[in-house]
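# Structural overview
Here is how the chains run, residue by residue.
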Amino acid sequence: MRRLLPFLLMMIAAPALAETPEGRLAAAGHSLPPAPKPAATYVTSVETGNLLFLSGHIDCIGGGKRGKVGADVTLDEGKAEAQRVGLCMLATIKDALGGDLSRVKRFVRILGMVNSAPDFTQQPQVINGFSELMKTAFGDAGLAARSAVGVASLPAGYAVEIEATIEIAR
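Below is a summary of the structure that appears in this document. (Residues numbered from 1 in each chain as written. Predicted model: local features only at pLDDT ≥ 70, side-chain atom pairs only at ≥ 80, totals over all residues. Heavy atoms only, no water.)

Turning next to the overall build of the protein chain. Along the backbone of the protein chain there are 4 helices and 5 strands. Reading the protein chain from its N terminus to its C terminus gives the helix and strand order α-α-β-β-α-β-α-β-β. Classification of the 170 residues of the protein chain by burial places 37% in the buried group. Restricting to contacts in the protein chain with at least 6 residues of sequence separation, those with at least 24 account for 79%. A total of about 8,900 Å² of accessible surface is found on the protein chain, and carbon and sulfur atoms cover 57% of it. (Helix = DSSP H or I, 4+ residues; strand = E, 2+ residues; numbered from the N terminus. Buried < 20%, exposed > 50% of the residue type's maximum accessible area, 1.4 Å probe, protein only. Contact = heavy atoms within 4.5 Å. Areas by Shrake-Rupley, 256 points an atom, 1.4 Å probe, with all protein chains shown as cover.)

What follows covers the state of the cysteines. A disulfide bridge is the covalent bond that connects two cysteines by way of their sulfur atoms. Considering all chains together, one arrives at 1 disulfide under this definition. Here cysteine 60 is linked by a disulfide to cysteine 88, with a sulfur-sulfur distance of 2.3 Å. Given an S-S torsion of about -100°, the disulfide between cysteine 60 and cysteine 88 has left-handed geometry. Taken together, the residues span a long stretch of sequence, with cysteine 60 in the loop between strand 2 (51-57) and helix 3 (75-96) and cysteine 88 in helix 3 at a distance of 28 residues. For cysteine 60, a relative accessible area of 27% puts it in the partly exposed group. By relative accessible area, which is 0% here, cysteine 88 ends up buried. (Disulfide = S-S within 2.5 Å.)

Shown next as structure tokens:
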């Protein structure tokens, strides 16, 4: 019975946990890294009114892909990198909102930048890694107006950088 009790408590608590953004992420096998710190003279987020503006984020987990998607980095690697950037951004959002991702009402605008080989044209598929992660966490509120563009280079040669604007609850 003592072995069964923790299991039963977990089964009772699991549905409630899965109803939060972090619970849905955990159920999908994701965990958040520590919130990244600015690498230069800027802040990672600015809250004004009911909006939270997020600076461009790159991989903060370590071991992020560097190079040009379509040359040094495959489409699938780029998509996985966009997902890792999303986890870093979620860590920033959580930190900015006092630890409560449930305050996110919806993602409003996403700008995804892909360090692209000159003939690479699948930037939207790369940034889908980010958008799919946000949909996992927030459902349809995780989807936003979005641009996915190819750029000649990104800081430190990273493959993906993403910035966002989100609406938050007060």
